[in-house]
Amino acid sequence: MPNSSHKSTATHAAAVQHNTTQQSLLRQQLREQYRAARQALSDEQQQQASAAIAKHLTEMVSATPVRCVAAYIANDGEPSLAAAIHALWQREITVAVPVLHPVVPNQLLFLRYHANTELVANKFNIPEPRMRCQDIMPLSAIDLVCMPLVAFDAHGNRLGMGGGFYDRTLAGCSMNRYPNLQRVGIAHDCQYAEQLPVASWDVPIAQIVTPCRTWQFNTSSGND
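Residues numbered from 1 in each chain as written. Predicted model: local features only at pLDDT ≥ 70, side-chain atom pairs only at ≥ 80, totals over all residues. Heavy atoms only, no water.

> What should I look at first to understand the nonpolar core in this one?
Nonpolar side chains in soluble globular proteins generally cluster together in the buried interior. In terms of nonpolar packing, the biggest core is built from 45 residues, with Leu57, Leu81, Ile142, Val145 and Ile186 touching the most fellow members. The biggest single contributor to this core is helix 2 (residues 43-63), with 5 residues. Setting aside residues up to four positions removed in sequence, Ile186 forms contacts with Ile53, Leu57, Tyr72, Pro79, Leu81, Cys146, Met147, Pro148, Leu149 and Val209. Judged by nonpolar contacts, the second largest core, of 7 residues, contains Leu30, Leu159, Ala193 and Leu196. (Core = buried A, V, L, I, M, F, W, Y, C linked by side-chain atoms within 4.5 Å. Buried < 20%, exposed > 50% of the residue type's maximum accessible area, 1.4 Å probe, protein only. Helix = DSSP H or I, 4+ residues; strand = E, 2+ residues; numbered from the N terminus. Contact = heavy atoms within 4.5 Å.)

> I tried to follow the sheet that holds strand 8 (residues 158-159) on my own but got confused; where do I start?
Within a sheet, each strand pairs with its neighbour through backbone hydrogen bonds, oriented either parallel or antiparallel. Pairing is mixed across the open sheet formed by 3 strands, whose spatial order is 8-7-10. Looking at strand neighbours, the two that pair on one side only are strand 8 and strand 10 (192-193), the edges of this open sheet. As paired elements, strand 7 (residues 151-153) and strand 8 share 2 bridges and run antiparallel to each other. Looking at strand 8, one finds that Ala151 is bridged to Leu159. (Pairing = 2+ DSSP bridges.)

> Explain the packing of helix 2 against helix 3 (residues 82-90) to me, please; I cannot follow it from the model alone.
To describe two helices that pack against each other, one gives the angle between their axes and the distance between the axes. In contact at an axis separation of 7 Å, helix 2 and helix 3 are set at 35 degrees when each is read in the N-to-C sense. Remark: the crossing between helix 2 and helix 3 carries right-handed chirality. Contact residues: Ser50, Ala51, Ala54, Leu57, Thr58 and Val61 in helix 2; Ala82, Ala83, Ala84, Ala87 and Leu88 in helix 3. A per-class count over the contact of helix 2 with helix 3 returns 9 nonpolar, 2 polar and no charged. (Axes fitted to C-alpha atoms, helices over the stretch in contact; angles between N-to-C directions. Left-handed = near helix turned anticlockwise from the far one by under 90°. Nonpolar A, V, L, I, M, F, W, Y, C, P; charged D, E, K, R; others polar.)

> What should I look at first to understand the pairing of strand 9 (residues 182-186) in this one?
A regular strand places its side chains on the two faces of the sheet in alternate fashion. Among the 5 residues of strand 9, 4 are classified as buried, and the element is accordingly described as predominantly covered. With 5 bridges joining them, strand 6 (residues 144-148) and strand 9 adopt parallel strand pairing. Directly across from Met147, in strand 9, lies its bridge partner Gly185. Summarising the sheet, strand 9 and strand 11 (residues 207-209) pair through 3 bridges and their orientation is parallel.

> Any chance you could explain the pattern of salt bridges here in plain terms?
Side chains that differ in charge, positive against negative, can pair when their charged atoms come close. Counted by the stated rule, this structure contains 6 salt bridges. Lys55 is the salt-bridge partner of Glu59, the closest N and O atoms lying 2.7 Å from each other. Placement of the pair is Glu59 and Lys55 together in helix 2, with a separation of 4 residues, close to one helical turn. Overall, the relative accessible area of 43% leaves Glu59 in the partly exposed class. A salt bridge links Glu118 to Arg130; the shortest N-O distance between them is 3.0 Å. Of this pair, Glu118 sits in the loop between strand 3 (108-112) and strand 4 (119-121) while Arg130 sits in the loop between strand 5 (127-129) and strand 6, placing them 12 residues apart in sequence. With relative accessibility at 47%, the residue Glu118 sits in the partly exposed group. (Salt bridge = Lys/Arg side-chain N within 4 Å of Asp/Glu carboxyl O.)

By themselves, these figures tell us nothing about what the structure is for.
Here it is in structure tokens:
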């Protein structure tokens, strides 16, 4: 019996490992597919997308009291939030953007972002504000976090770049701790998938904004 039990356990572990590997490969294939789709958009399409997303986001922040929005600096074909950022500034709403955390590995820190912010390239060659302690915006001061994504589906599942930076950064943001913090995914319409593979640690996101519409999902807010 012990030998049979050990064999059964080993077989189960091997099956789990196989399924995990297969899902990881599928997720990577989907990342490549949807990254290529957004990278293929023309400059004109990107500008139109930026303007449309800005309109949706300004309507969103107009509906509820918002003091600070965490945006991002677009990279790799992501929808630009430049138009949205200018619209938020006009409404005297503070804007913050993420930087790689200088102390905690694989997490983000949000810094206040303004028209004269000096940008530097991080280790991934992505522009981010130069670190200034006086510009740090704690999560408790942020009302809405705009999260870029690679793909999303009809259930609010979100596929990120795979680094898990938003996951780790927002992992402790329970409704009790940060009751006003909203998380909103930002994507091009071409990044929609019928159904994405879901891992045990994935949490669906409640709202996703694309140029054509704002998607609302009947679920708790999710992470990267």
